[in-house]
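Close look at the chain arrangement
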Amino acid sequence: MKSQDTNTQTHVLSPKSSNEAIKLDIEHAVVEDDPRIWSDTKKNVVVFIISGASMISGLCANIQNPANAQIEQQLHTSSGDISLSLSLSILIQGSFPMIWSAISEIKGRKTVYLFSLVLFTLGSVIVAVSRTIGFVISMRILQSIGASAVLTIGASTLADIYEPHQRGKMMGIYYSAPLVGPSLGSIIGGALAQGLGWQAIFWFLAIWGSLMFLAFLFLFKDTFRKERSMTYQDVLRKRLREQQSSEAEDGSRNISEKESQVNDEDHTSSNDIEAQPTVIPASAIREVQLSIADVNPFPPYLSVISRRNNIAILIASALIFAFSFSIMYTCARTLSMYYNYDALKTGLVLLAYGIGSISGSMLGGRWSDRTLARLKAANGGISFPEMRLESTKVAMVWLPLSVIGYGWVCQERVNVAAMCVMLFLAGFLSIWIYASTLAYIVDANTGRSSTAVATNASFRGLFAFVATEIAVPLQDSIGDGGLYTLWAGLMVITNCIILLVLYKGKTWREASAEREKRKLDGK
């Protein structure tokens, strides 16, 4: 295979081992107890636990909806305050993952999971015993802070234990779990509110959070390995430069240069997503302990959004996510106003969208991996992240059509069976595309997967917040037909953005990586 990767380096660690050249990349840095070589059973346990915990995010955002009228009546509050409790929950879930991502770079994934679940469970308990809307809103914010961690760090956990060519399938399986939350949330919330009162909803969430906490505490083994973290590698480079500078002042320049010697005679392809930015072995310098200053979340966040391929795919991903929130929210309202459905019947109809989403996530993820493998084989065994987006083409034509179809089925008040069919198709096709964009975000940001996924969460949280706030005014003014014709147009724009990344993203990404490398070398 032709070799041309200038980013894969050969490091000489010491005079004693000067003849032992070690070629490493960030994806395959040598680590203790490598999660990539764990047994399938052990990996499946990890996927099962994080999938169960990720349902919390979807449940937290949607389970309250059937009980809104009951909460408003018992707490003597307004519909505006109820809306605020929902929209702030969505916004916080999107904004806080950056902090969790930074903490996970210091303390590992497991600590973040445990601490966030404590916050979620505590917030749920206090909401359940609240007697004022102010307490409900504040504790819903605390609850959302806790719920925001799992969905973001979970994707990074999958990147820790699976090779790039396996991630599409596993992302699809993993992401199907939080999609169950919005689907079942209305059913569970409606049944609990009618049978036991609105407080039972939050006691249910507290119990679920407690069970997940115990699962992480006793069954989950941390998958984070700092040697495969770009943050850790950047700190190593910084400390190595400081050490070299100190040695130079002491007349030891030759030794420091030898430790960072580069052998340009042996290269691998930089186009392969399995041969990514180079690792500086930790043994090259003394052990480094990261601090808060080292993992300031904002520079990595700005680094992610400074890449044109990232900002484009983040916008596309956020639009799909915002569409999902809009259709669930307005569909429940349509069923209540024009079909006279109660909370339980509404939840059963919305289940059609959830089933479609779960099917699209799992099948779309598998198709994404197959497409990547096929294109890699056709390209001489060389792959790159943008290949994965090829799998979205099959759904692109049909998604806008299904969205228009849903809107006008609702507008004309036809039989609810037709609505269920259109909900299924819209869920299936939108998440088929979303699963591949999420896998691309991870693959295209090697070593910074948690930051990239956290950035994605912030984008989708903001977009979903706006979509939720404007959905009802637009629905009232132009109807479901007009609203979802607009959404169909946005889905066309989303498809065009994804195609742009598919064909231009590789060039943009490589140019950004080279620019960042020059900037780092110039420090």
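Residues numbered from 1 in each chain as written. Predicted model: local features only at pLDDT ≥ 70, side-chain atom pairs only at ≥ 80, totals over all residues. Heavy atoms only, no water.

Rules: UniProt positions are given in the numbering used here, feature names are shortened, and annotations may be inferred rather than shown by experiment.
The name an unreviewed UniProt entry assigns to the chain is Vacuolar DHA amino acid exporter, from the organism Suillus fuscotomentosus. Checking UniProt for the chain, the heading Subcellular location (unreviewed entry) contains the comment "Membrane".

1. Here we look at the overall build of the chain
We apply this condition: Where helices and strands are cited, they refer to DSSP runs of H or I of at least four residues and of E of at least two residues respectively, numbered from the N terminus. The contact definition used throughout considers only heavy atoms, calling two residues in contact when any of these lie within 4.5 Å. Here, Shrake-Rupley sampling with a 1.4 Å probe gives the accessible areas, and only protein chains in the shown set may cover a residue.
Looking only at helices and strands, the chain has 17 helices and 2 strands in total. The contacts in the chain between residues at least 6 apart in sequence include a share of 85% that link residues at least 24 apart. When the accessible surface of the chain is summed, it comes to about 21200 Å², and 62% of that surface belongs to carbon and sulfur atoms.

2. A closer look at the packing of helix α4 (residues 97–107) against helix α5 (residues 109–128)
Put simply, the test is: Angles here are taken between N-to-C directions and fall from 0 to 180 degrees, while the axes themselves are lines fitted to C-alpha atoms, restricted in helices to the stretch in contact. Angle categories are assigned with fixed cut-offs, so that under 35 degrees is roughly parallel, over 145 is roughly antiparallel, 65 to 115 is roughly perpendicular, and the rest are oblique. Residues were grouped as follows: Ala, Val, Leu, Ile, Met, Phe, Trp, Tyr, Cys and Pro as nonpolar; Asp, Glu, Lys and Arg as charged; and all remaining residues, including Gly, as polar.
The contact between α4 and α5 brings their axes to 7 Å, and the two run at 135°. Classified by the angle their axes make, α4 and α5 are oblique. Residue-level inspection shows W100, I103, S104, E105 and K107 of α4 in contact with α5, the latter providing R109, T111, V112, F115, S116 and L119. Split by residue class, the contact of α4 with α5 holds 5 nonpolar, 3 polar and 3 charged.

3. Re the side chain of N309
Heads up, the condition is: Type-normalised accessible area, obtained with a 1.4 Å probe on protein chains alone, sets the label of each residue: buried when under 20%, exposed when over 50%, and partly exposed for intermediate values. By the criterion applied in these results, polar contacts are pairs of N or O atoms within 3.5 Å in which, for protein atoms, one can donate a hydrogen and the other can accept it, and in which residues neighboring in sequence qualify only through two side-chain atoms.
For N309, the position within the fold is in helix α12 (residues 308–338). N309 gets classed as buried once you look at its relative accessible area, which sits at 0%. Reaching out from N309, the side chain makes a polar contact with the side chain of Y440 at a distance of 3.0 Å. Ignoring any residue separated from it by four or fewer positions in sequence, one finds N309 in contact with E386, Y440, A444, V501, G505, W508 and R509.

4. Concerning the packing of aromatic side chains
Heads up, the rule is: Two rings from Phe, Tyr or Trp (for Trp, the six-membered ring) form a pair when their centres sit within 6.5 Å of each other. Planes less than 30 degrees apart are called stacked, planes more than 60 degrees apart edge-to-face, and all others tilted. Placement of a charge over a ring requires the Lys NZ or Arg CZ to be within 6 Å of the ring centre, with the centre-to-atom vector within 35 degrees of the ring normal.
Considering all chains together, one arrives at 15 aromatic pairs under this definition. Ring geometry for Y113 and F220: centres 5.4 Å apart, planes at 90°, overall edge-to-face. In this pair, Y113 is assigned in helix α5 and F220 in the loop between α8 (199–219) and α9 (230–249), connecting sequence segments 107 residues apart. In this structure Y113 comes out as buried when scored by relative accessible area, which is 0%. Where F323 meets Y484, the ring centres are 6.3 Å apart and the plane angle is 80°; that geometry is what we call edge-to-face. You can see F323 sitting in helix α12 and its partner Y484 sitting in helix α17 (residues 449–521), a full 161 residues away along the chain. Here F323 and Y484 have matching classes, each one buried. Taken together, F323, Y406, Y484 and W487 form an aromatic cluster joined through their ring pairs. Positioned over the ring face of Y338 is R413, at 3.7 Å from the centre of the ring.

5. Digging into the pattern of salt bridges
Test applied: Salt bridge, as applied in this entry: a Lys or Arg side-chain nitrogen positioned within 4 Å of an Asp or Glu carboxyl oxygen.
Tallied over the full model, the rule gives 10 salt bridges. The partner of R36 in a salt bridge is E163, with the nearest N and O atoms 3.4 Å apart. With R36 in the loop between β2 (22–24) and α1 (40–62) and E163 in the loop between α6 (133–161) and α7 (167–196), the pair connects residues that are 127 residues apart, well separated along the chain. In terms of burial, R36 and E163 fall into one category: buried. With a closest N to O distance of 3.0 Å, D443 and R388 form a salt bridge. Linking D443 in helix α16 (residues 416–443) with R388 in the loop between α13 (343–378) and α14 (393–396), this pair joins segments that are 55 residues apart in sequence. When its relative accessible area of 3% is taken as the criterion, D443 is described as buried. For R388, a relative accessible area of 0% translates into the label buried.

6. Observations regarding the layout of surface pockets
Convention followed: A cavity here means a set of 1 Å grid points, computed over protein atoms only, where a 1.4 Å probe fits but cannot escape. A pocket is an open set with protein on both sides within 12 Å along at least 5 of 7 lines, and lining residues have an atom within 4 Å of a point. Grid points are joined across faces, edges and corners, and a volume is the space filled by probe spheres set on the points.
The volume enclosed by the second largest pocket comes to roughly 690 Å³. If you trace the second largest pocket, you find 26 residues lining it, with N65, N68, Y329, A332 and R333 closest to the centre. Of all the secondary structure elements, the ones that give two or more residues to the lining of the second largest pocket are α2 (68–74), α3 (79–95), α12, α13 and α17. No other element matches the 6 residues that α12 contributes to the lining of the second largest pocket. A class-by-class count of the residues in the lining of the second largest pocket yields 13 nonpolar, 9 polar and 4 charged.

7. Examining the nonpolar core
What counts is decided by this rule: Take the buried Ala, Val, Leu, Ile, Met, Phe, Trp, Tyr and Cys residues and link them wherever side-chain atoms come within 4.5 Å; each set so joined is a nonpolar core.
With 120 residues, the main nonpolar core has F216, F323, I327, Y406, M419, L423 and W487 as its most contacted residues. The biggest single contributor to this core is α16, with 16 residues. In this structure Y406 touches I327, T330, C331, M419, M422, L423 and Y484, once residues within four positions along its chain are discounted.

8. Examining helix α11 (residues 298–305)
Stated formally: The directions considered for the arc are those from the helix axis to the C-beta atoms.
The complete set of buried residues in α11 reads P300, Y301, S303 and V304. All buried residues of α11 fall inside an arc of 160° around its axis, so they share one side.

9. Here's the deal with unusual backbone geometry
Backbone geometry at H76 places phi at a positive 55°, although glycine is not the residue there. Take H76: it is sitting in the loop between α2 and α3. Positive phi values are uncommon outside glycine, yet N340 reaches one of about 55°. Relative to the helices and strands, N340 resides in the loop between α12 and α13. N340 gets classed as exposed once you look at its relative accessible area, which sits at 67%.

10. Examining the confidence of the model for the chain
Predicted coordinates in areas of low pLDDT are best not read in detail. Here is the rule we go by: Looking at any residue, its pLDDT shows the predictor's confidence there, from 0 to 100.
Here the chain averages 80 in pLDDT, while 80% of its residues score no lower than 70. Strand β1 (residues 9–11) is the least confidently modelled element of the chain, averaging 36 in pLDDT, while helix α15 (residues 398–411) averages 96, the highest of any element. Overall, residues 1–24 carries pLDDT values under 50, and its contacts beyond four positions in sequence, including any with other chains, amount to 60 contacts. Counting interchain partners and residues more than four positions distant, the pLDDT-below-50 stretch residues 258–276 has 66 contacts.

11. Some words on the environment of V453
By the secondary structure assignment, V453 is in helix α17. Distance from V453 to A155, taken between C-alpha atoms, is 7.2 Å for residues 298 residues apart in sequence. Residue contacts for V453: discarding those within four places in its chain leaves L151, T152, A155, I441 and V442.

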